Number of protein chains: 2
Amino acid sequence: MDKMNKKANLSKAALNRPVLNREEKRQIKLDAILRHAAAAFMDRGYYKTSLDDIARRHKVTKPTLYYYVRNKEDILVKCEEVASLRINGLLDEVVATGGAGFVQLQNFIEGYVEIITDDIIRCHIRHRGQREDPIARDASLKMHRGIEHRVREIIGKGVEDGSVRPCNPTIIAILLFDALNGISAWYRDEGGLSHEELVDQVLLIVTQGVRNN
Amino acid sequence: MDKMNKKANLSKAALNRPVLNREEKRQIKLDAILRHAAAAFMDRGYYKTSLDDIARRHKVTKPTLYYYVRNKEDILVKCEEVASLRINGLLDEVVATGGAGFVQLQNFIEGYVEIITDDIIRCHIRHRGQREDPIARDASLKMHRGIEHRVREIIGKGVEDGSVRPCNPTIIAILLFDALNGISAWYRDEGGLSHEELVDQVLLIVTQGVRNN
DNA sequence: CTATATTGTTACTCATGAGTAACTTAAACT
DNA sequence: AGTTTAAGTTACTCATGAGTAACAATATAG
């Protein structure tokens, strides 16, 4: 009788259907694998990390990984996808918010320092360049250039509207990324240096440089 | 008779002694190997470069390399020695020349951009961190910290003498190195960007930042 | 001119780690 | 409830590349 009631009250579908469907579960697992892999790569570097290491962290065996990624390099490719989405998303926001070029640049820097706290992004920054497959390498280069180009545009806009002093936006964009990406190699949220002070110091250099006037 | 004259005119030692002694030749060859290795590492990265690749570039066979270096990692260690000497040498010069802290910082930057044109230095910058052997890793870290510390001192001096605006010298030194070392990854002397313009742009950021006042 | 240390070679060993084949267990849709 | 598809396992192959042993040549010093 009890059984009957249960069955009667809940629709058959609701009873048997799991909360997440297969595709969703797969995505979640893929993300976890990327996260474990990225953490491992940040610890020991891409080449010193074996797929067995990653599998161990994820508590599965190596061949299982191949159900989620094509091969080792594909992990980097997938990390790059995540990175590209987040960084371009940030740029979308910054541009949408508008304001003078210099202000947009400030907003971008603030957001970027936030973003590079994430292991997957850090992994991407550190290992972009390792790509062996020429097609993957080209794609990576293209995506990187795309982002750099958007920042260059913001700087260029700043020069036009007078908020940024006349300069070579290409070089400035590259130098800015060199510094920001460098940060991702050493900065840890847990350390003594707060997020705010780091952003402050970076913005102070960008706005004023270091000379005393 | 001719033979006799020759022998009589030139001292026996001068006749038979080669221009360079063994130790000197060895040093020159070691340097060439480091240069070939560094170029290979910059091309394809440390792990994608085999000792056979390096041997081929140097036109010898792999085991010969072991006459000059202990093992693969030792190449990085020896590149680091070269880098340490040159960078510390630059710092010696800069400090000896004297002047206000900010001027010394300028001089250092100028010299550093010059230095990172060299393949051995570039190789060191790119691959410092790859060290597997814990002793070698510690030594590397120590040497790197030493250099950073000296730049920090220069900045601190600038803050004291008023030539540098009040700031956190530690963070500024790190950010500066992040940017400068980033340059070493992409800048080539042969490219369209002249040495002078690059230094100009870097110095402009350091002195004024990019905001228009 | 000869003995000896140096520089180099050929031909291996040996560990590692990416990728695969074949099989088992678990989940989910009808 | 039973069939199918997904997810995972064990047990391999296979290439690569660091490092070595044993042997060959070349140059230097006495």
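Since the model is a prediction, treat every value here as computed from it, not as a measurement. (Residues numbered from 1 in each chain as written. Chains lettered and ligands numbered in written order. Predicted model: local features only at pLDDT ≥ 70, side-chain atom pairs only at ≥ 80, totals over all residues. Heavy atoms only, no water.)

Things to note about the protein's contact with DNA strand C
In step 1: In the region of DNA strand C, 21 residues are neighbours, and Leu51(A), Thr61(B), Thr64(B), Tyr67(B) and Tyr68(B) sit closest.
In step 2: Counting only the atoms of DNA strand C within 4 Å of the protein, the fraction contributed by sugar and phosphate is 67%.
In step 3: Within the contact set of DNA strand C, a phosphate oxygen lies 2.6 Å away from a side-chain nitrogen or oxygen of Thr61(B).
In step 4: In the model, a phosphate oxygen of DNA strand C is placed 2.7 Å from a nitrogen or oxygen of the Tyr67(B) side chain.
In step 5: Looking at the surface near DNA strand C, the elements that each hand over two or more residues are α3 (22-44) and α5 (62-65) of chain A together with α3 (22-44) and α5 (62-68) of chain B.
In step 6: The element contributing the most residues to the surface near DNA strand C is α5(B), with four residues.
In step 7: Residues of the surface near DNA strand C, tallied by class, amount to eight nonpolar, five polar and eight charged. (Near = heavy atom within 4 Å. Polar contact = N/O pair within 3.5 Å; in protein donor to acceptor, adjacent residues only side chain to side chain. Helix = DSSP H or I, 4+ residues; strand = E, 2+ residues; numbered from the N terminus. Nonpolar A, V, L, I, M, F, W, Y, C, P; charged D, E, K, R; others polar.)

Looking at the packing of helix α7 (residues 101-115) of chain B against helix α9 (residues 134-161) of chain B
Residue and element names in this part refer to chain B.
In step 1: Interaxial distance between α7 and α9 falls to 7 Å at its minimum, and their mutual angle equals 150°. Taken together, the axes of α7 and α9 lie roughly antiparallel to each other. Residues Gly-101, Phe-102, Gln-104, Leu-105 and Phe-108 of α7 lie in contact with α9, whose contacting residues are Val-151, Ile-154, Ile-155, Lys-157, Gly-158 and Asp-161.
In step 2: Partitioning the contact of α7 with α9 into residue classes produces six nonpolar, three polar and two charged. (Axes fitted to C-alpha atoms, helices over the stretch in contact; angles between N-to-C directions. Parallel < 35°, antiparallel > 145°, perpendicular 65-115°, else oblique. Contact = heavy atoms within 4.5 Å.)

Here's the deal with the protein's contact with DNA strand D
In step 1: Taken together, 21 residues surround DNA strand D, and among them Thr61(A), Thr64(A), Tyr67(A), Lys25(B) and Leu51(B) come closest.
In step 2: Sugar plus phosphate: this is where 70% of the atoms of DNA strand D within 4 Å of the protein reside.
In step 3: Tyr67(A) has a polar side-chain atom sitting 2.7 Å from a phosphate oxygen of DNA strand D.
In step 4: Mapped onto the surface near DNA strand D, the elements with two or more residues apiece are α3 and α5 of chain A together with α3 and α5 of chain B.

Regarding the interface of chain A and chain B
By a widely used convention, the size of an interface equals the accessible area lost when the partners come together.
In step 1: The partner chain B presents 39 residues to the 39 residues of chain A that form the contact.
In step 2: Here chain A and chain B share an interface that buries about 3,500 Å² over both sides, 59% of which is from carbon and sulfur atoms.
In step 3: Summed over the shared surface of chain A and chain B, the number is two salt bridges.
In step 4: Here Lys48(A) and Glu132(B) are joined by a salt bridge, their closest N and O atoms 3.3 Å apart.
In step 5: On the surface where chain A and chain B come into contact, there are 22 residue pairs in polar contact (both at pLDDT 80 or more).
In step 6: Elements supplying a minimum of two residues to the side of chain A that touches chain B: α7 (101-115), α10 (169-186) and α11 (195-208) of chain A.
In step 7: Grouping the amino acids of the side of chain A that touches chain B by side-chain chemistry returns 20 nonpolar, 11 polar and eight charged. (Buried area = accessible area lost by both parts, 1.4 Å probe. Salt bridge = Lys/Arg side-chain N within 4 Å of Asp/Glu carboxyl O.)

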